[in-house]
Amino acid sequence: MAIWDYANPTRFLRLVQIILPWLIGLCVIAFAAGLYMTFFTAPDDYQQGATVKIMYIHVPAAWLAMMCYSIMAISSLGTLVWKHPLADVSAKAAAPIGAAFTFMSLVTGSLWGKPMWGTYWVWDARLTSVLVLFIMYLGLIALWRTMEDPIKAGKAAAILTLVGALNLPIIKFSVEWWNTLHQPASVMRMGGPTIATSMLIPLFVMAIAFTLLFFVLHLMAMRNEILRRRVRAMRLKAAATARPATVTATAQPAE
Amino acid sequence: MTGANGVGKSSLLRTLAGLVPLKEGGISLEGGEDDRTAFEHSHYFGHQDAVKPALTVLENLTFWQAFTAPISADVFPTEIHKPADALEFLGIGHTARLPAAYLSAGQKRRLSLARLLVSSRPIWLMDEPTSALDRHSEAQLLGLMNAHLDRGGMIVTATHTDLPLNSIRTLHLEAPQDVRIVGELA
Amino acid sequence: MTGANGVGKSSLLRTLAGLVPLKEGGISLEGGEDDRTAFEHSHYFGHQDAVKPALTVLENLTFWQAFTAPISADVFPTEIHKPADALEFLGIGHTARLPAAYLSAGQKRRLSLARLLVSSRPIWLMDEPTSALDRHSEAQLLGLMNAHLDRGGMIVTATHTDLPLNSIRTLHLEAPQDVRIVGELA
Amino acid sequence: MTGWALSLFRREISLAVRVGGSAMVGVLFFLAVVTVIPFGVGPDLNLLARIGPAVLWIGALLATLLGLDRLFQADREDGALDLFLMSGRSLELLVLIKCLAHWMATGLPLVIAAPVLAIFLNLEPVAIGAVTLTLLVGTPALTLIGAVGASLTVSLRRGGLLLAVLVIPLAIPVLIFGVSSADAAIHDPVPFMTPFLILCALTLITAVIGPLASAAALRFSSD
Amino acid sequence: MTGWALSLFRREISLAVRVGGSAMVGVLFFLAVVTVIPFGVGPDLNLLARIGPAVLWIGALLATLLGLDRLFQADREDGALDLFLMSGRSLELLVLIKCLAHWMATGLPLVIAAPVLAIFLNLEPVAIGAVTLTLLVGTPALTLIGAVGASLTVSLRRGGLLLAVLVIPLAIPVLIFGVSSADAAIHDPVPFMTPFLILCALTLITAVIGPLASAAALRFSSD
Ligand code: HEM
Ligand SMILES: Nc1ncnc2c1ncn2[C@@H]1O[C@H](COP(=O)(O)OP(=O)(O)OP(=O)(O)O)[C@@H](O)[C@H]1O
Ligand SMILES: Nc1ncnc2c1ncn2[C@@H]1O[C@H](COP(=O)(O)OP(=O)(O)OP(=O)(O)O)[C@@H](O)[C@H]1O
Ligand SMILES: [Mg+2]
Ligand SMILES: [Mg+2]
């Protein structure tokens, strides 16, 4: 299998070195195209006016927020089941990126919500599940930061990620139940009219650009994490290297 | 097992006890019960006493007897002491009904030692067993260790002082010139 | 100071350090600074290292230097080492910039010992100072203790092994036949 | 369920009862949270009755989760966890028994205290019964989910808050169905059984997932 | 304020910042509690806006108190507390400095997070400003009161919950004046300054009583 060849971190780093410039290039191109279409070719919505342009950031960010958790869940399986040495690096690197995308989708959604619904936030089922997802990301990051040993932390976080992945559908279901149970029909439903093709194409281009951005960031973060762990290993090694005292034991301490 | 501070004695013992996962290779035991792993044949006697201050001395010991399955080996017949006898034997019989919180460091250590007597296992893994013991208790501990060896048991112990045991093989650990940290993606 | 487990050595040391309140009587020191209590003249070196794993080795030591006021006595001139020198002297100079979490138990103990050097106080109260040290470190510690004695300092130490110090007076604690629990309304 | 399991259960119960009444502290915290809320919200009785079931559930959630941090930590600190791991006993069963004992010692007192606190919050008798019943069914699930957090944070001294943070998102479904079945019992139109059965199902699911995940985390925690 | 005090302050701050971001865990707990409450109470925006200031204050109260258990415990466990006690430095000042550093590292982030969370609770801009201001003035008082609890429970391993139980009754006045001055700012008729000035006075009083009581408790704690 290909990913097993890159179990060796050194080889992985070399691969990253090669891939990264291309990926960055593609990402820039995709963003340029996407943003151009967003601002110049995509029509304004007849109801929402120019605010609809927020969609081209909001929706890809929301998709990425969910995709990122899936990647973390797969990486966690890699840590626990296949014991792939880079799996926990991948999971750890993905968490802050996922949190950032989730945050972005929350912020853009809220900003969009103000003109649309007259309020920044409603406890709608979908919004609320995104908020819960955000808390889960932050909890995972906190767990990683609190545990000193990266390998142990990786295993603990992998278990939590997988338990969270099992729970996410339950959370989603229960939040939907909760909202429809308590709330009369007054909540504005999103969904809205089916989207026109002229809007769908820029949306897809932006989605591709965001996905590329994710991979760029993810690879860079993985590289940093590997280097960070190497630094840690070297420092541990430095600490463990026994060195005799510079002065013999019986000498006076003063000199 | 001897060696300088931080050379890895405790880590080796914990690895033998199955508490530190192996990076590669395996640990196997000849002549034990087949359906059990090597570390299920061992008692681990580390720096910590696993003594609950809120329970009485006897309750502490009785729990560990019920919890730890005794295991035999070909050359090592099972032999189990009653908790009360083990306490008596270690000279803390008079504390049996007291909460373990009232014990001094040395007494707690003896209570922890009694654990090895109430459930018999062929291998004892001991990390600096004589630390915090006074001379009298140390002599008594050495007597126990020798008795265990005589019955066919095995002891792996890390120590900084010489222990006068019946049959000794010393493993001296030295720090390698070039320490390699494994599993660190290096 | 010697004695069986649980006889009260550690308790006596902690009393001298002012950590256990006196039931009656008082502790006074001749020849010290007048406006200071006796225990402010002492360093306490117990079982715990007071080392914060999250700080670097040097940060740990520098903090204790700034925090602990050096105190002199008539026969004991103040003499203060720089933190970096003290670390170097104890053989852990190379770890100065590393988080203390990376140290082994023995190295941590040496870091804790360095505390006694960076802020000079005439009395050292040491509870089983050689425990958990390998032979090399033990010899080094004894050297330090002797140097402190030679400078006019005083050391009160509880121990289970013989310590080859320059001038020793042994206080052997024995448990009284009839243990009296004070302050228990008995 | 053999001798060792029973013996472990007995040990856990006596530890919980003797060590400074951990049960009592949990109930006191519950009481403190529930009494503090009227001070914040103001003494409007209708409002209190309306948010009453929620207050009780949130109080129970916090009391349960925050009381769990020592579940495995105490055993790790004194070395008992090492001995558990090398005993050759089923770790999953061990976790389940510990959770059961912990719930009996700290969760059950919460359930028993709930009706009393409900009176302070001006709840109707039916509502009191409903909240207590849902708590009885739901708090075991909270303990079991919390056990996962407790074993993940077993090696961290400052476990308490982190545990709560890790576990609260996972506990949200239990909270939702707990409160909504209590509410359903109060406002007739909605059927009570639907959310209540889901709550029961959630408890059963956690009884499987909790010990499995928790045992795995404990295995990894030992250095 | 001399060299040692500054050096202590710097040490405390770097410990708080480095040890796994204790500040972040506190804010996260705050976020989690504030998010969980609507799940109990229901998504009714008017109701949420009405109880919003109370929710924020109760969240901040819990996050502060539950994060305090390690304030002295960490120092006791590694023996640093013994050295503090025999150093001959003023213990009252030491406590004050530790509280100050702790508040900077964990209380201030809560105050900063409060406006964001207020948006979730549908608060008006004025209300947001008022709640944040009262939290800024009031959370130091919570920390200082909590410090007394932290030093009373310093020798107990299971400090977290017990500390909260001990301290919540003492913190109720702070909570009451905090919430009521926030409410006063929202509903014009009541003057804002009266409860607010009382809140300030409370903070000043605790800055005197807190360190005194806390230092006394620490002195008795050493065996
Ligand atoms: C903070 C508030 C918001 C959050 C957290 C949020 C979250 C999400 C998420 C997670 C998705 C992806 C759903 C999926 O593909 O299954 C999404 C899609 C979408 N959102 Fe939002 N949203 C927010 C506010 C808004 C607002 C105010 C609007 C406009 C009125 C809006 C319009 C849309 C549209 C049109 C889509 C794509 C269509 C679809 O997949 O259903 N969102 N949002
Ligand atoms: N969890 C860990 N992660 C990384 N390194 C560790 C860990 N635990 C111990 N070490 C390192 O492993 C080395 C061996 O430690 P160990 O405790 O086995 O030494 P030891 O020989 O028992 O020393 P001592 O005589 O002081 O007890 C030390 O350098 C220590 O810093
Ligand atoms: N907080 C306490 N309350 C009551 N008794 C205590 C307390 N701490 C210690 N003791 C008792 O005081 C006695 C003396 O204990 P101490 O720790 O001083 O003994 P020690 O001589 O240092 O023993 P060791 O050699 O084991 O270290 C013991 O019997 C112990 O049980
Ligand atoms: Mg060792
Ligand atoms: Mg002692």
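Predicted model, so just to flag it, every value in this text is computed and none were measured. (Residues numbered from 1 in each chain as written. Chains lettered and ligands numbered in written order. Predicted model: local features only at pLDDT ≥ 70, side-chain atom pairs only at ≥ 80, totals over all residues. Heavy atoms only, no water.)

Trainee: Sorry if this is basic, but what is going on with the overall build of chain A here?
Mentor: Within chain A, the regular secondary structure consists of seven helices and zero strands. Ordered by position from N to C terminus, the α and β elements of chain A give α-α-α-α-α-α-α. Split into buried and exposed, the 255 residues of chain A put 50% on the buried side. Partitioning the intrachain contacts of chain A with sequence separation of at least 6 by distance along the chain shows that 82% fall at a separation of at least 24. For chain A, the computed accessible surface area is about 12200 Å², with 71% contributed by carbon and sulfur atoms. (Helix = DSSP H or I, 4+ residues; strand = E, 2+ residues; numbered from the N terminus. Buried < 20%, exposed > 50% of the residue type's maximum accessible area, 1.4 Å probe, protein only. Contact = heavy atoms within 4.5 Å. Areas by Shrake-Rupley, 256 points an atom, 1.4 Å probe, with all protein chains shown as cover.)

Trainee: When you look at the environment of Ile201 of chain A in this model, what are you seeing that I'm missing?
Mentor: Its location among the elements puts Ile201 of chain A in helix H7 (residues 197–240). In this structure, the C-alpha to C-alpha distance between Ile201 of chain A and Met37 of chain A, residues 164 residues apart in sequence, is 8.6 Å.

Trainee: What is the right way to read the side chain of Gln107 of chain C from this model?
Mentor: With respect to the helices and strands, Gln107 of chain C occurs in helix H4 (residues 105–118). Setting aside residues up to four positions removed in sequence, Gln107 of chain C forms contacts with Ala239 of chain A together with Ile92, His94, Thr95 and Tyr102 of chain C.

Trainee: Help me understand the interface of chain B and chain D, please; the structure alone is not making it clear to me.
Mentor: Size of an interface: often given as the accessible area lost when the parts come together. On the side of chain D, 26 residues touch chain B, which itself brings 27 residues to the contact. Where chain B touches chain D, the interface holds three salt bridges. The interface formed by chain B and chain D contains seven residue pairs in polar contact (both at pLDDT 80 or more). Sorting the residues of the side of chain B that touches chain D by element identifies strand S2 (42–45) and helix H2 (57–67) of chain B as the ones contributing at least two each. Broken down by element, the side of chain B that touches chain D gets its largest block of residues, five residues, from H2 of chain B. Looking at side-chain class alone, the side of chain B that touches chain D contains 15 nonpolar, five polar and seven charged residues. (Salt bridge = Lys/Arg side-chain N within 4 Å of Asp/Glu carboxyl O. Polar contact = N/O pair within 3.5 Å; in protein donor to acceptor, adjacent residues only side chain to side chain. Nonpolar A, V, L, I, M, F, W, Y, C, P; charged D, E, K, R; others polar.)

Trainee: What's the story with the interface of chain D and chain E in this structure? I'm lost.
Mentor: Chain D puts 37 residues into the contact, and the matching count from chain E is 37 residues. In total, chain D and chain E occlude about 3400 Å² of area from one another, counting both sides; carbon and sulfur atoms represent 80% of this. If you sort the residues of chain D by the area they bury against chain E, Val36, Arg158 and Leu161 of chain D come out on top, with a joint share of 18%. When the shortest N-O distance is used, the salt bridge between Asp44 of chain E and Arg50 of chain D registers 3.1 Å. (Buried area = accessible area lost by both parts, 1.4 Å probe.)

Trainee: Would you mind showing me how to read the site of ligand 3 here?
Mentor: Neighbouring residues of ligand 3: 15 residues in total, closest Gly6, Gly8, Lys9, Ser10 and Ser11 of chain C. Looking at the residues close to ligand 3, they fall on chains B and C. Ser10 of chain C is positioned such that a nitrogen or oxygen atom in its side chain is 2.5 Å from an oxygen atom of ligand 3. The side chain of Ser11 of chain C places a nitrogen or oxygen atom 2.7 Å from an oxygen atom of ligand 3. (Near = heavy atom within 4 Å.)

Trainee: Explain the sheet that holds strand S3 (residues 123–127) of chain B here, please?
Mentor: Strand pairing in a sheet takes place through backbone hydrogen bonds and is either antiparallel or parallel in direction. Residues and elements named next belong to chain B. Read across the sheet, three strands follow the order S2-S3-S4 without closing on themselves; strand pairing throughout is parallel. Of all strands in the sheet, those bounded by a partner on one side alone are S2 and strand S4 (154–158). Going from strand to strand, the sheet's axes swing by 15° on average, the running direction of each strand aside. Where S3 lies against S4, five bridges are found, and the strand directions are parallel. Bridge pairing links Asp127 to Ala158 in S4. (Pairing = 2+ DSSP bridges. Axes fitted to C-alpha atoms, helices over the stretch in contact; angles between N-to-C directions.)

Trainee: Quick question: what am I supposed to make of helix H7 (residues 125–152) of chain D here?
Mentor: Note on helix geometry: an α-helix contains 3.6 residues per turn, so any two residues three or four positions apart are oriented the same way. Residues and elements named next belong to chain D. Over its 28 residues, H7 runs 40 Å from end to end, which matches the ideal 40 Å to within 8%, given 1.5 Å per residue. The largest bend in H7 amounts to roughly 35° and is located at Val137, with the proline Pro140 lying one to four residues further along. Across the 28 residues that make up H7, a large majority, 23, are buried. (Expected span 1.5 Å × (residues − 1). Bend = angle between axes of the 7 residues up to and from the residue.)

Trainee: Hey, could you run me through the pattern of salt bridges in this one?
Mentor: Pairing between side chains becomes possible if they bear opposite charge and their charged atoms approach one another. By the definition in use, this model includes 27 salt bridges over all chains. A salt bridge links Arg14 of chain B to Asp82 of chain D; the shortest N-O distance between them is 3.0 Å. A residue pair is termed interchain when its members come from two chains, as with Arg14 of chain B in helix H1 (residues 9–16) and Asp82 of chain D in helix H5 (residues 80–85). We classify Asp82 of chain D as buried; its relative accessible area is 8%. Look at the salt bridges and you will find they share partners, linking Lys52 of chain B together with Arg11, Glu12, Asp75, Asp78 and Lys98 of chain D into a network.

Trainee: Is there a simple way to explain the arrangement of the chains in this structure?
Mentor: Ranking the eight pairs of chains in contact by contact count places chains D and E at the top. One finds no contact between chain B and chain E; the C-alpha atoms of the two approach each other to within 12 Å at their closest.

Trainee: Can you help me understand the relation of the copies chain D and chain E in this one?
Mentor: Each of the two chain copies can be generated from the other by rotation about an axis followed by a shift along it. Aligned on chain E, chain D shows an RMSD of 0.2 Å; the corresponding rotation is 180° and the shift along the axis is 0.0 Å. Taken together, the rotation and translation describe the operation of a two-fold axis. Relative to the rotation axis, the closest C-alpha in chain D is found at Gly160 of chain D, a distance of 3.6 Å. Both copies contact each other with a shared surface, as 100% of the interface residues of chain D are interface residues in chain E too. (Least-squares fit on C-alpha atoms with pLDDT ≥ 70 in both.)

Trainee: Teacher, can you tell me more about the packing of helix H4 (residues 87–117) of chain A against H7 of chain A here?
Mentor: What describes two packed helices is the angle between their axes and the distance between those same axes. Residue and element names in this part refer to chain A. Two numbers describe how H4 lies on H7: the axes approach to 8 Å, and their chain directions differ by 135°. Our classification of the angle between H4 and H7 gives oblique. For the pair H4 and H7, the crossing hand works out as right-handed. Only Phe210, Leu213, Phe214, Leu217, His218, Ala221, Met222, Glu225, Ile226 and Arg229 of H7 make contact with H4, whose side of the interface consists of Asp88, Val89, Ser90, Lys92, Ala93, Ala94, Ile97, Phe101 and Met104. Of the residues that constitute the contact of H4 with H7, the class distribution is 13 nonpolar, two polar and four charged. (Parallel < 35°, antiparallel > 145°, perpendicular 65-115°, else oblique. Left-handed = near helix turned anticlockwise from the far one by under 90°.)

Trainee: It is not clear to me how the sheet that holds strand S4 (residues 154–158) of chain C should be interpreted in this structure. Could you clarify?
Mentor: Residue and element names in this part refer to chain C. Here three strands make up an open sheet; going across it, the order is S2-S3-S4 and the pairing parallel. The open sheet has two free edges, formed respectively by strand S2 (42–45) and S4, since each of these has just one partner strand. Averaged over all neighbouring strand pairs, the angle between strand axes comes to 15°, with direction disregarded. Lying on the sheet, H4 is in contact with S2 and strand S3 (123–127); it crosses S2 at an angle near 175°.

Trainee: How should I be thinking about the packing of helix H4 (residues 70–77) of chain D against helix H6 (residues 91–120) of chain D in this particular structure?
Mentor: All names here are of chain D. Following both chains from N to C, one finds H4 and H6 inclined at 120°, their axes separated by 11 Å at the closest point. For the pair formed by H4 and H6, the contact residues are Leu71, Phe72 and Asp75 on the first element and Val95, Lys98, Cys99 and His102 on the second. For the contact of H4 with H6, the per-class residue count stands at four nonpolar, one polar and two charged.

Trainee: Help me understand helix H2 (residues 57–67) of chain C, please; the structure alone is not making it clear to me.
Mentor: Within H2 of chain C, the full set of buried residues consists of Val57, Leu58, Asn60, Leu61, Phe63, Trp64 and Phe67 of chain C. Tucked inside the fold, the buried residues of H2 of chain C contact helix H3 (83–89) and H4 of chain C together with helix H1 (3–18), helix H5 (80–85) and helix H6 (91–120) of chain E.

Trainee: I keep staring at the side chain of Glu40 of chain C and nothing clicks. Help me out?
Mentor: Tracing the chain through its elements places Glu40 of chain C in the loop between helix H1 (9–16) and S2. For Glu40 of chain C, a relative accessible area of 11% puts it in the buried group. Apart from the residues lying within four places of it in its own chain, the contact partners of Glu40 of chain C are Ile71 and Arg121 of chain C together with Met86, Ser87 and Gly88 of chain E.

Worth remembering: the numbers are spatial, not functional.
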